[in-house]
Amino acid sequence: MTMRSSRSTVTFSNPFTLSGYPGDLPAGDYEVLVEEELLQGLSFEAYRRTATYLTVRGRGGHAGRSELRVIFEKDLKEALSRDAATTKTNNHSDAALSPQEDLK
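None of these values were measured; they are calculated from a predicted model.

K.L.:
Give a detailed account of the overall build of the protein chain, specifying residues and quantitative values.
P.N.:
Along the protein chain, the regular secondary structure elements total 1 helix and 4 strands. Within the span of the protein chain, comprising 104 residues, buried residues form 26% of the whole. By sequence separation, contacts in the protein chain at least 24 residues apart represent 43% of the contacts at least 6 residues apart. With the model as given, the accessible surface of the protein chain reaches about 7800 Å², and the carbon-plus-sulfur share is 50%.

Structure representation (structure tokens):
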């Protein structure tokens, strides 16, 4: 069976969680690895996703280590959407705005 892999980078502006894993992951850049297999017997080339992994760097006593965590594409998209919404909310909140000067 013919396989292919692709790598991309996603950026989280805020700490985030992923379904199935305890605790928050810190904001930052994360590498995503997608593995796909070639579908046989078709008159055109097509691939099916077989796995998606998120590379997570170790912290504290595990600094310097990294692990590939199996994730679902849907969970990654939801985490990125929550991050974007949080960033947008934080950028437009009253607390983030400078106070207006008194007009006399």
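K.L.:
Tell me about the nonpolar core, and name the residues and values.
P.N.:
Among the nonpolar cores identified, the biggest contains 13 residues, and Phe12, Phe16, Leu18, Leu25, Tyr30 and Leu54 are the most heavily contacted of them. Breaking this core down by element, the ones donating at least two residues are β1 (3-12), β2 (28-38), β3 (47-57) and α1 (73-92). Residue contributions to this core peak at 3 residues, all from β2. Filtering out sequence-adjacent residues up to four positions away, Leu25 remains in contact with Pro15, Phe16, Leu18, Tyr30, Leu54, Val56 and Arg69.

K.L.:
Would you mind going over the sheet that holds β2 in detail, with residue names and values included?
P.N.:
Taken in spatial order, the 4 strands line up as β1-β2-β3-β4 in an open sheet, and their pairing is antiparallel. The sheet is open, and its two borders are formed by β1 and β4 (66-71), each paired with just one other strand. Mean inter-strand twist for the sheet, computed between neighbouring axes without regard to direction, equals 30 degrees. In the sheet, β1 pairs with β2 via 10 bridges, with the strands oriented antiparallel. Counted as the bridge partner of Met3 is Glu37 from β2.

K.L.:
With reference to specific residues and values, describe the packing of aromatic side chains.
P.N.:
One pass over the structure, following the stated rule, counts 3 aromatic pairs. When the centroid spacing of 6.0 Å and the interplanar angle of 80 degrees are considered together, the rings of Phe12 and Tyr30 count as edge-to-face. Remark: Tyr30 occurs in strand β2 and Phe12 occurs in strand β1; sequence separation between them is 18 residues. Just as Phe12 is buried, Tyr30 falls in that class too. Put simply, the rings of Phe12, Phe16 and Tyr30 pair up and form one aromatic cluster.

Reading guide: rules and limits
Residues numbered from 1 in each chain as written. Predicted model: local features only at pLDDT ≥ 70, side-chain atom pairs only at ≥ 80, totals over all residues. Heavy atoms only, no water. Helix = DSSP H or I, 4+ residues; strand = E, 2+ residues; numbered from the N terminus. Buried < 20%, exposed > 50% of the residue type's maximum accessible area, 1.4 Å probe, protein only. Contact = heavy atoms within 4.5 Å. Areas by Shrake-Rupley, 256 points an atom, 1.4 Å probe, with all protein chains shown as cover. Core = buried A, V, L, I, M, F, W, Y, C linked by side-chain atoms within 4.5 Å. Pairing = 2+ DSSP bridges. Axes fitted to C-alpha atoms, helices over the stretch in contact; angles between N-to-C directions. Phe/Tyr/Trp six-rings, centres within 6.5 Å; stacked < 30°, edge-to-face > 60°.

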